[in-house]
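Spelled out from the first residue to the last, the chains are:
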Amino acid sequence: MKELNDLTDLEICKEIADIEGIQNQIEMEDMPNAYVYSEELSSEYDPLTDWNITGPLMDKYFINIKRFGTWFGAWQGDIAPKGSDDCLSYEQTSKRAICLAIIAQHRLKGDTE
């Protein structure tokens, strides 16, 4: 299993779709503009660019974010971390930090291989 920081955007979208139980497939896999497509949603599934996906995921998984300088830390629950080392993820964009925190939380529970 890849480390969180080594996941590509495509892999993050795919893993979030899998966690959510959304049937999906990678379209144009060998191309630079490959994307995750959900037949049941009849659209591209990209929580890294679409707040309509990311916002509800934050609520569902109790994810909060905080800016640390120019980066974002994401964690689960109401108690804010003292620093970025206490976050589930620490990334340059808020949506990426949220998605990686959800994946980290899922992996910590042992729900994936």
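Residues numbered from 1 in each chain as written. Predicted model: local features only at pLDDT ≥ 70, side-chain atom pairs only at ≥ 80, totals over all residues. Heavy atoms only, no water.

## Quick word on the sheet that holds strand S3 (residues 43-44)
For step 1, the next point in the chain: The sheet built from three strands is open, its strands ordered S1-S2-S3 with antiparallel pairing. Edge positions in the sheet fall to strand S1 (25-27) and S3, since each has one partner strand and no second.
For step 2, the next point in the chain: Alignment of S1 against strand S2 (residues 35-38), held across three bridges, turns out to be antiparallel. The residue bridging Ile26 from the neighbouring strand is Val36, located in S2.
For step 3, the next point in the chain: Here helix H1 (residues 9-19) sits on the sheet in contact with S1 and S2, set at roughly 25 degrees to S2. (Pairing = 2+ DSSP bridges. Helix = DSSP H or I, 4+ residues; strand = E, 2+ residues; numbered from the N terminus. Contact = heavy atoms within 4.5 Å. Axes fitted to C-alpha atoms, helices over the stretch in contact; angles between N-to-C directions.)

## Looking at the pairing of strand S5 (residues 71-76)
For step 1, the next point in the chain: When strand S4 (residues 63-68) meets S5, the two strands line up antiparallel, connected through six bridges. By the bridge assignment for S5, Ile65 is matched with Ala74.
For step 2, the next point in the chain: Counting the residues in the hairpin turn of S4 and S5 gives two residues, including Gly69, whose phi is positive at 70 degrees.
For step 3, the next point in the chain: Two strands pair when backbone bridges link them, and S5 and strand S6 (residues 89-91) are joined in this way by three bridges, in the antiparallel orientation. Across the sheet, Gly73 pairs through a bridge with Tyr90, a residue of S6.

## Structural notes on the nonpolar core
For step 1, the next point in the chain: Counting 26 residues, the largest nonpolar core has Ile12, Ile16, Tyr45, Leu57, Ile63, Ile102 and Ile103 as its most contacted members.
For step 2, the next point in the chain: Elements with a minimum of two residues in this core: H1, helix H2 (51-60), S5 and helix H3 (94-108).
For step 3, the next point in the chain: Tallying contributions element by element places H3 first for this core, with eight residues. (Core = buried A, V, L, I, M, F, W, Y, C linked by side-chain atoms within 4.5 Å. Buried < 20%, exposed > 50% of the residue type's maximum accessible area, 1.4 Å probe, protein only.)

## Regarding the state of the cysteines
For step 1, the next point in the chain: Per the counting criterion, the structure on display carries zero disulfides.
For step 2, the next point in the chain: Cysteine Cys13 is unpaired, with the sulfur of Cys99 as its nearest cysteine sulfur at 6.7 Å.
For step 3, the next point in the chain: On the accessibility criterion, Cys13 (6% relative accessible area) is buried.
For step 4, the next point in the chain: A residue is classified by how much of its surface remains accessible, and Cys99, at 0% relative accessible area, is buried. (Disulfide = S-S within 2.5 Å.)

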